[in-house]
Amino acid sequence: MSAAAEPTSPHVMNTYGRLPIALSHGQGCRVWDTQGKAYIDGLGGIAVNTLGHNHPELVPALQDQLTKIIHSSNYYHVTGQETLGSKLTELAGMSKAFFCSTGLEANEAAIKLARKRGHDKGIEKPQIVVYEHAFHGRSIATLSATGNPKIQAGFGPLVEGFIRVPLNDIEALKKATEGNPNVVAVMLETIQGEGGIHEMRLDYLQQVRALCDAKDWLMVIDEIQTGIGRTGKWFAHQWAGIVPDVMSLAKGLGSGVPVGAILGGPKAAEVFGPGNHGTTFGGNPLAMRAGVETLRIMEKDGLLANAEKVGAHLKSALQAAFEGMAGVKEVRGQGLMLGIELDRPCGVLLGRACEAGLLFSVTADSVIRLVPPLILTTAEADEIVALLVPLVRAFLAE
Ligand SMILES: Cc1ncc(COP(=O)(O)O)c(C=O)c1O
């Protein structure tokens, strides 16, 4: 197998540099390709497969739902939305949910909500503070909120109304917004995923919370990658002891079935009224069942504690293995969301890891990202380390 990306498929648009394999099935944290080769899954479908593959309780629940009703429409009540909404708001300490299908849709809803609240207060040109290196999606509005000129290139004009600031610098945030009556919200990821596993400091999150309170801005937290247990708490901002006004979720919420959501606290839950926002597929019965079962199984099987414990084990094993290795800048992240930053672009490792039977991704050109299923065991974490370290060592010695 070659490490090079496959030639463009004749009938699929060329939007991804794909590796030349296709996965056919999986079990737990292991997947197999169509040629029968096995891989340990350090990617979890990009932080999506919370419960791994072919979970013995999720699959029968989804099968049961398929025989009842898959999709009904938001013209009617969907009982699963109430069930999942009540569970999520309880876990988050927030008030109400809106359901959609993907991360960018959740962030679009959050941006619209923040703007609408501004308009309701008489602000005609609302502005939202966003961050350097942020990633919020690839629709035109979420791409505009994203802090990566490379992925914005070619899609201008971008949406106006965003103010960009550096991470972890409260003075910079205050300065960028000083005397500006149009600011309505601050939108951030607690750990930037696509941007290269950059963590917001807990005291910084608390400072932003206090500033949003003082200014009556919405604190919007994008937990699409960090949420649903990935860092060892239901939502990563909970490590800072704060509650956002709006939170966006997707990825791990449905364990592979597309589910997105925003949650709103008291300042945000009543902003939308009938006709303000909607989506055909959002919150359909199959998606809601996937969300409800994912959270139920996570709780029953103690997957938050597992993510924290196995994540800490994986991080310290990686730190120990890479200690003093020239070319490795840092091992960082929390729970089962880890990044290993090298001093050079390392996309070539993807194909080599694939050959060795390991899946992960590379973000921000030089950061190896591990976001495996939350059911990962310590033994599987050791397997990842055993496969990854020699690959990185050999690469850095070239
Ligand atoms: C933090 C964050 N926000 C938003 C998105 C966009 O989600 P989606 O790809 O489901 O649109 C992602 C996807 O990687 C993400 O990591």
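Given the structure is predicted, the values throughout are model-derived calculations rather than measurements.

**Some remarks on the side chain of T226**
Tracing the chain through its elements places T226 in the loop between β10 (218-222) and β11 (246-249). The buried category is assigned to T226, whose relative accessible area is 1%. Polar contacts involving the side chain of T226 include one to the side chain of T190, which spans 3.4 Å. Within polar-contact distance, the side chain of T226 engages the side chain of E223 at 2.6 Å. Setting aside anything within four residues of it in sequence, one finds T226 in contact with T190, I191, T231, A236 and M337.

**Topic: helix α9 (residues 285-300)**
Each α-helix turn comprises 3.6 residues. Residues three or four places apart therefore point the same way. Taking 1.5 Å as the rise per residue, α9 with 16 residues should run 22 Å; its terminal C-alpha atoms sit 22 Å apart, in good agreement. Along α9, the positions that sit buried rather than exposed are P285, L286, A287, M288, A290, G291, E293, T294, L295, I297 and M298. If you follow the buried residues of α9, they end up packed against α2 (58-68), α3 (79-92), β4 (96-100) and α10 (303-322). For α9, the N-terminal cap is N284; the gap from its side-chain oxygen to the backbone nitrogen of L286 is 3.1 Å.

**Focus on the site of the ligand**
If you check the shell around the ligand, you find 13 residues, and the closest are G103, L104, D222, Q225 and K251. Backbone polar atom of L104 to an oxygen atom of the ligand: 2.8 Å apart, as the coordinates give it. With respect to the ligand, the side chain of E194 contributes an N or O atom lying 3.3 Å from an oxygen atom. Look at the ligand: alone it shows 390 Å² of surface, and the protein chains cover 83% of it. Here the shell around the ligand takes three residues from helix α4 (residues 103-120), the largest share from any one element. Residue classes in the shell around the ligand are distributed as three nonpolar, six polar and four charged.

**Describing the sheet that holds strand β17 (residues 367-370)**
Read across the open sheet, the four strands follow the order β13-β14-β17-β16; overall the sheet is antiparallel. Among the strands making up the open sheet, the edge pair consists of β13 (328-334) and β16 (361-363). The mean inter-strand angle of the sheet, taken between neighbouring strand axes irrespective of direction, is 25°. Judged from the six bridges that link them, β13 and strand β14 (residues 337-342) form a sheet pairing that is antiparallel. Considered in β14, the bridge of G333 is made with L338.

**Here's the deal with the pattern of salt bridges**
Applying the stated criterion to the full structure yields 26 salt bridges. A salt bridge links K116 to D120; its shortest N-O distance comes to 3.1 Å. One end of the pair is K116 and the other is D120, both in helix α4 and four residues apart, which spans about a single turn. The exposure class assigned to D120 is exposed, which follows from its relative accessible area of 51%. Of the charged contacts in the structure, one is a salt bridge between R352 and E398, with a shortest N-O distance of 2.7 Å. Taken together, the residues span a long stretch of sequence, with R352 in helix α11 (residues 349-356) and E398 in the segment after α12 (378-396) at a distance of 46 residues. Within the structure, one salt-bridge network assembled from shared partners comprises E57, D64, K68, R289, E293, R296, K300 and D301.

What counts, and at which threshold
- One numbering rule holds for all chains: residues counted from 1, following each sequence as written.
- It should be noted that, the model being predicted, local features are given only for residues of pLDDT at least 70 and side-chain atom pairs only at 80 or more, the latter also being counted only at that level, while totals for whole chains, interfaces and linings use all residues.
- Hydrogens are left out, water is left out, and the side-chain values use all remaining heavy atoms of the structure.
- A run of H or I in DSSP counts as a helix once it spans at least four residues, and a run of E counts as a strand once it spans at least two, with each numbered from the N terminus.
- Each residue's exposure class comes from its accessible area (1.4 Å probe, protein chains only) as a fraction of the maximum for that residue type: buried when under 20%, exposed when over 50%, partly exposed otherwise.
- Any N or O atom pair separated by 3.5 Å or less is treated as a polar contact, with the protein-specific requirement of one donor-capable and one acceptor-capable atom, and with residues adjacent in sequence counted only for side-chain atom pairs.
- Any pair of residues with heavy atoms lying within 4.5 Å of one another is described as a contacting pair.
- To estimate the expected span of a helix, subtract one from its residue number and multiply by 1.5 Å.
- For this description, a residue counts as near a given molecule or strand if any of its non-hydrogen atoms is within 4 Å of it.
- Here, Shrake-Rupley sampling with a 1.4 Å probe gives the accessible areas, and only protein chains in the shown set may cover a residue.
- Charged means Asp, Glu, Lys or Arg here, nonpolar means Ala, Val, Leu, Ile, Met, Phe, Trp, Tyr, Cys or Pro, and polar covers whatever is left, Gly included.
- DSSP-based pairing: two strands are paired if at least 2 bridges between them are found.
- Geometry is summarised by axes, namely lines fitted to C-alpha atoms with helices restricted to the contacting stretch, and by angles between N-to-C directions that run from 0 to 180 degrees.
- For salt bridges, the criterion is a side-chain nitrogen of Lys or Arg within 4 Å of an Asp or Glu carboxyl oxygen.

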